[in-house]
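Coordinates in review
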Amino acid sequence: MFDKYLIDERTVHNTGPADAPDGFSFQAKLGYYRGLGLSMIEELTVSIDGEALPREAVRLDDGNGPLTLDEMETAYDRRWHFGTAATILVTRVGGFPEGQHQIELRQKLRISYLPFPALNSDSKTVTRR
């Protein structure tokens, strides 16, 4: 339902030194209308041109400091509110590649009243010069 709003493609930029980026980041929104505790986010998968990046390379910052996906499993006191952008940080030598590429974000969410996980995904074309 909100999938097309997950990635803000205007915010994709490299992190680290300009001459040797060590990753990239972008703003993303939660694809669930109520917001969730970070411990209820089972998976965030980031892909570039269809190639999924390692789980260990992905972190989320809800404004209170970045957490790995493993650390989010026990972040019971932190929430990602609906409509609020969080920063997705990805460790990747060279950062986001130059040229035109597809970036995809997949969210696997545990919803307390559903017997199955909610799956959301968004894909955007990003051009980096």
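Report follows, based on the coordinates. (Residues numbered from 1 in each chain as written. Predicted model: local features only at pLDDT ≥ 70, side-chain atom pairs only at ≥ 80, totals over all residues. Heavy atoms only, no water.)

**Some remarks on the side chain of Asp122**
Locating Asp122 in the fold gives a position in strand 11 (residues 118–128). Side-chain polar atoms of Asp122 contact the backbone nitrogen of Leu6, separated by 3.4 Å. Among the polar contacts listed, one links the side chain of Asp122 to the backbone nitrogen of Ile7, at a separation of 2.8 Å. Ignoring any residue separated from it by four or fewer positions in sequence, one finds Asp122 in contact with Asp3, Lys4, Tyr5, Leu6, Ile7, Ile103, Glu104 and Leu105. (Helix = DSSP H or I, 4+ residues; strand = E, 2+ residues; numbered from the N terminus. Polar contact = N/O pair within 3.5 Å; in protein donor to acceptor, adjacent residues only side chain to side chain. Contact = heavy atoms within 4.5 Å.)

**Quick look at the sheet that holds strand 9 (residues 86–91)**
Where strands meet in a sheet, backbone hydrogen bonds hold them as pairs that are either parallel or antiparallel. Pairing is antiparallel across the open sheet formed by five strands, whose spatial order is 1-2-9-6-7. Each of the sheet's edge strands pairs with one partner strand only, and the pair in question is strand 1 (7–15) and strand 7 (66–68). For this sheet, the mean inter-axis angle between neighbouring strands, taken without regard to orientation, is 25°. Alignment of strand 6 (residues 58–61) against strand 9, held across four bridges, turns out to be antiparallel. Bridging from a neighbouring strand, Asp61 pairs with Thr87 of strand 9. (Pairing = 2+ DSSP bridges. Axes fitted to C-alpha atoms, helices over the stretch in contact; angles between N-to-C directions.)

**Things to note about the pattern of salt bridges**
With the rule as written, the count across this model stands at eleven salt bridges. With a shortest N-O distance of 3.9 Å, Glu104 and Arg106 are connected by a salt bridge. A relative accessible area of 24% means that Glu104 is categorised as partly exposed. You can call Arg106 partly exposed: its relative accessible area is 35%. Connected via shared salt-bridge partners are Glu43, Arg55, Asp70 and Glu73. (Salt bridge = Lys/Arg side-chain N within 4 Å of Asp/Glu carboxyl O. Buried < 20%, exposed > 50% of the residue type's maximum accessible area, 1.4 Å probe, protein only.)

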